[in-house]
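# Coordinate inspection notes
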Amino acid sequence: PDFGIGSGGHLNIFRFISMLEKLGYKNNICLVGDHRHSSESKAKELINEHFFKLNANVYFGIDNLPEAEFSFATGWTTAYFLRAFSKTYHKLYFVQDFEPSFYAGGSEYAFAEETYKFGFTGVCAGDWLANKLKNEYGMTTRSVSFSYDRDLYYPRNLQVASKKKIFCYFRPPTIRRGLETALIALDLVAKEHPGVEFIFAGWDMNDFKFEHEFENAGLLSLEELPDIYSQCDIALVLSFTNLSLLPLEIMACGCVVVSNEGENVQWLLNDNNAKLSSPNPVVMAEKIIELLRDDAKLNELRSNGIEFANGTNWNNEGKKLASYLEEISS
């Protein structure tokens, strides 16, 4: 689907294209459906400027798309176009989340769910998603994991603050990020621990009810995020579908991640590298308050999080994808 500047899902798609190029693959990018670009060359320029510098050419629609050995759908709307594309040997599906959950039960849920029955080979973000699509829809699946940009995300040497700081990522239109749960939990934290400071980012939060002082950082560029993460002791990052890249990027900056329990989270996060809680906001608040009062545990999780993040590597995930392609074509 068409991309917007700052889209994390597209960043991951273009990252894997970049890694395949480095491994000798020739790639084409096909934008399907409505888009905002005046020409294919202009779309390519935007990708190179805001995501990765790629050799891949951009095409609008499948009519003039060259033949390929492997072709990937990268979202449920694109899967319908791939099903109609005949000039390819192997059809795959790069699945980053369980997209039916983006909708209430209804037509869009059913349209998204149906794509898992098209017979494509799934390459999924994490084991939870790979196992879900395999067990519930009979898909042949493989998984890749996450890493982070080491040139961008690392602990900044900032002045030690006298007060504890909590970061929270908010995106109100994305209901799976649990805005209401987070606001209720943080309200309880502020009442029990009035000395704590809050930094909210991802959206302009001034129109939302939170009766305590907070820094409204709003929508930030990627380059601004590491300083924010490094300022904070704790980051509350909720996800009621699959995880995003955010927890690893936050960990790499030396901030402790608090998240909700669930198989969709625990394929990457666990009690050794993060603080996990029931989605009950009262319990969540209690877990955060425990950390605020226990510097030893906070420092242990901070150190473990950095170590865990450092153990991940994007190049390994790119090689894993290439090995799947070799396996499929053999």
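Our subject is the structure that appears above.
Here we summarise the structure given alongside this text. (Residues numbered from 1 in each chain as written. Predicted model: local features only at pLDDT ≥ 70, side-chain atom pairs only at ≥ 80, totals over all residues. Heavy atoms only, no water.)

## Remarks on helix 12 (residues 314–329)
Selection rule: Secondary structure follows DSSP: runs of H or I at least 4 residues long count as helices, runs of E at least 2 residues long count as strands, and numbering of each begins at the N terminus. To estimate the expected span of a helix, count its residues, drop one, and scale the result by 1.5 Å. Each residue gets one of three labels from its accessible area relative to the maximum for its type: buried under 20%, exposed over 50%, partly exposed in between, using a 1.4 Å probe on protein chains only. Here the arc refers to the set of directions running from the helix axis out to each C-beta atom. Two N or O atoms form a polar contact when they lie within 3.5 Å of each other; inside protein one atom must be a possible hydrogen donor and the other a possible acceptor, and for residues adjacent in sequence the pair counts only when both atoms belong to side chains.
Between its first and last C-alpha, helix 12 extends 23 Å over 16 residues, near the 22 Å set by a 1.5 Å rise per residue. When helix 12 is considered as a whole, its buried residues turn out to be W314, E317, G318, L321, A322, Y324 and L325. Down the axis of helix 12, the buried set is contained in an arc of 150°. They therefore lie on one face. Seen from the buried face of helix 12, the exposed residues on the opposite side, beyond 90 degrees, are K319 and E326. Measuring from the side-chain oxygen of the N-cap residue of helix 12 to the backbone nitrogen of N315 gives 2.7 Å; that N-cap residue is N313.

## A few points about the layout of surface pockets
Our working definition: Both cavities and pockets are sets of points on a 1 Å grid over the protein atoms alone; in a cavity a 1.4 Å probe fits but cannot get out, in a pocket the set is open with protein on both sides within 12 Å along at least five of seven lines, and lining residues sit with an atom within 4 Å of a point. Grid points are joined across faces, edges and corners, and a volume is the space filled by probe spheres set on the points. The classification used treats Ala, Val, Leu, Ile, Met, Phe, Trp, Tyr, Cys and Pro as nonpolar, Asp, Glu, Lys and Arg as charged, and all other residues, Gly among them, as polar.
As a volume, the second largest pocket reaches approximately 830 Å³. Lining the second largest pocket are 33 residues; nearest its centre among them are N28, I29, F70, S71 and F72. A per-class count over the lining of the second largest pocket returns 24 nonpolar, 6 polar and 3 charged.

## What about the sheet that holds strand 5 (residues 121–125)?
Each strand in a sheet pairs with its neighbour through backbone hydrogen bonds, running either in the same direction (parallel) or in the opposite one (antiparallel). Here is the rule we go by: Only strands that DSSP links by at least two bridges are regarded as paired with each other. Inter-axis angles, ranging from 0 to 180 degrees, are taken between N-to-C directions of lines fitted to C-alpha atoms, where helices are fitted over the stretch in contact. Note on contacts: a residue pair qualifies if any of its non-hydrogen atoms lie within 4.5 Å across the two residues.
Pairing in this open sheet of 4 strands is parallel, and the strands run 3-4-5-6 from one edge to the other. Sheet topology places strand 3 (68–73) and strand 6 (141–144) at the edges, where each strand pairs with a single neighbour. The mean angle between the axes of side-by-side strands here comes to 25°, regardless of whether they run parallel or antiparallel. Across 4 bridges, the pairing between strand 4 (residues 88–95) and strand 5 is parallel. Within strand 5, the position partnered with V95 by the bridge is C124. Packed onto the sheet, helix 12 meets strand 3, strand 4, strand 5 and strand 6 and runs at close to 160° relative to strand 6.

## A few points about the pairing of strand 3
The line we're drawing: Orienting the strands away from the viewer, one traces the path from the first strand over the helix to the second; a clockwise path indicates a right-handed crossover.
Two elements, strand 3 and strand 4, share 5 bridges in a ladder whose sense is parallel. Within strand 4, the position partnered with F70 by the bridge is H90. Read from strand 3 through helix 3 (residues 76–84) to strand 4, the crossover connection turns out right-handed.

## Some remarks on the state of the cysteines
For clarity, the threshold we go by: Cysteine sulfur atoms that pair up within 2.5 Å are treated as a disulfide.
Tallied over the full model, the rule gives 0 disulfides. Not engaged in a disulfide, the cysteine C168 finds its nearest cysteine sulfur in C232; these two sulfurs lie 10 Å apart. Judged by its relative accessible area of 1%, C168 is buried. With no disulfide of its own, C232 lies 5.5 Å from the sulfur of C255, the closest cysteine sulfur. Taking relative accessible area as the criterion, C232 reaches 3% and is therefore assigned buried.

## Observations concerning the pattern of salt bridges
For the record, the criterion: What makes a salt bridge here is a side-chain nitrogen of Lys or Arg within 4 Å of a carboxyl oxygen of Asp or Glu, nothing more.
Considering all chains together, one arrives at 14 salt bridges under this definition. For E114, the salt bridge goes to K117, with nearest N and O atoms at 3.6 Å. Here R142 ties to E327 by a salt bridge, and the two come within 2.5 Å at their closest N and O atoms. Of this pair, R142 sits in strand 6 while E327 sits in helix 12; the two residues are 185 residues apart in sequence, bridging distant segments of the chain.

## Topic: the sheet that holds strand 9 (residues 215–218)
Pairing is parallel in the open sheet, where 6 strands are placed in the order 9-8-7-10-11-12. Since the sheet does not close on itself, it has two edges, and those belong to strand 9 and strand 12 (275–277), each with one partner. On average, adjacent strands in this sheet sit at an angle of 20° to one another, irrespective of strand direction. When strand 11 (residues 256–260) meets strand 12, the two strands line up parallel, connected through 3 bridges. Along strand 12, the bridge assignment pairs V258 with K275. Relative to the sheet, helix 10 (residues 281–292) contacts strand 7 (165–169), strand 10 (234–236), strand 11 and strand 12, its axis offset from that of strand 12 by approximately 155°.

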